[in-house]
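For reference, the chains in residue letters:
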Amino acid sequence: MARRTIFAGNWKMYTVRGEALALARGILEGLKSPIPHEVVLFTPAVHLFEVAALCAGGPVAVGAQNMYFEREGAFTGEISPAMVKDSGARWVLIGHSERRHVFHETDEDVNKKLRAALQAGLLPMVCVGELLDEREAEKSEDVVRVQVERAFEGLTGGEAASVVIAYEPVWAIGTGKVATPEIAQSMHGHIRAVVEKLFGGDVAGAMPILYGGSVKPDNIAGLFAMEDIDGALVGGASLKASSFLEIARVR
Ligand code: PGA
């Protein structure tokens, strides 16, 4: 089945204003030669308005890297779904491994954020992935299955149909140790089977599942050739327009 293909940049806590705008401009410039994939830039929250304004009407969508699940209130330091939406961003990243492991977000938080994003009309990209010791203990499939089941708890099939998953093995993020195409494919196939069990074949078959973790221009082709890999969530290599574009131009 032909699925949507998506290449997303996760800028993490990099770029001050001028750098963010220059990076977005460089990517827009490069996309004057169109590519057959969707492109999303997950920028730091303070740059959302300006980057979204710059990208408006073009081939690049913008997203927040995180948000809180409450509508509003006394939650110092947090940003709400409505604030993300109001910035012009259409997407939100949920449950990135750095949120889970550095900021102790739980599967329950991920589930609440996913529901809040859908309610606000944002497009959620939910991240899952196992730790190195979980892989070594051969628990990867169980860990990721539970992350997916808990993230999607209480969602209808219709809601699940607008969610994108990013599989990011934690041992591959920022380490230069990319998963082999075979490992990634096997996990993507597994994730699709879990989604199929929850929501049926139509939802599972159409859901884009992106790979993330040390994606670079020289390893994307092998990954993207795999049947269940529908694009990439790129960290380090998304901070330079040239390397991000080279990745996103894969066929
Ligand atoms: P990386 O990060 O490409 O630098 O490994 C990926 C991510 O954390 O989304």
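That block above? That's the structure.
Summary of the structure given here. (Residues numbered from 1 in each chain as written. Predicted model: local features only at pLDDT ≥ 70, side-chain atom pairs only at ≥ 80, totals over all residues. Heavy atoms only, no water.)

Some details on the pattern of salt bridges
And then number 1: Summed over all chains, the structure comprises 17 salt bridges.
And then number 2: E105 is the partner of R99 in a salt bridge, and the nearest nitrogen-oxygen pair spans 3.0 Å.
And then number 3: Judged by its relative accessible area of 10%, E105 is buried.
And then number 4: Notably, a salt bridge pairs R192 with D228, separated by 2.6 Å at the nearest N-O pair. Separated by 36 residues along the polypeptide, R192 in helix α9 (residues 181-199) and D228 in the loop between α11 (220-224) and β8 (231-234) bring together distant segments of the chain. Grouping residues by exposure puts R192 and D228 together as buried.
And then number 5: One network of salt bridges, in which partners are shared, links R3, R192, D228 and D230. (Salt bridge = Lys/Arg side-chain N within 4 Å of Asp/Glu carboxyl O. Buried < 20%, exposed > 50% of the residue type's maximum accessible area, 1.4 Å probe, protein only. Helix = DSSP H or I, 4+ residues; strand = E, 2+ residues; numbered from the N terminus.)

Describing the sheet that holds strand β3 (residues 60-64)
And then number 1: Taken together, eight strands build a closed barrel; the order of strands is β1-β2-β3-β4-β5-β6-β7-β8 and the barrel is parallel. Between one strand and the next, the sheet's axes are offset by a mean angle of 25 degrees, whatever the strand orientation.
And then number 2: Here strand β4 (residues 91-94) pairs with strand β5 (residues 123-128) via four bridges, running parallel. Across the sheet, residue V92 finds its bridge partner in β5, namely P124.
And then number 3: Contacting β5 and β6 (164-167), helix α7 (residues 140-151) crosses the sheet at an angle of about 150 degrees to β5. (Pairing = 2+ DSSP bridges. Axes fitted to C-alpha atoms, helices over the stretch in contact; angles between N-to-C directions. Contact = heavy atoms within 4.5 Å.)

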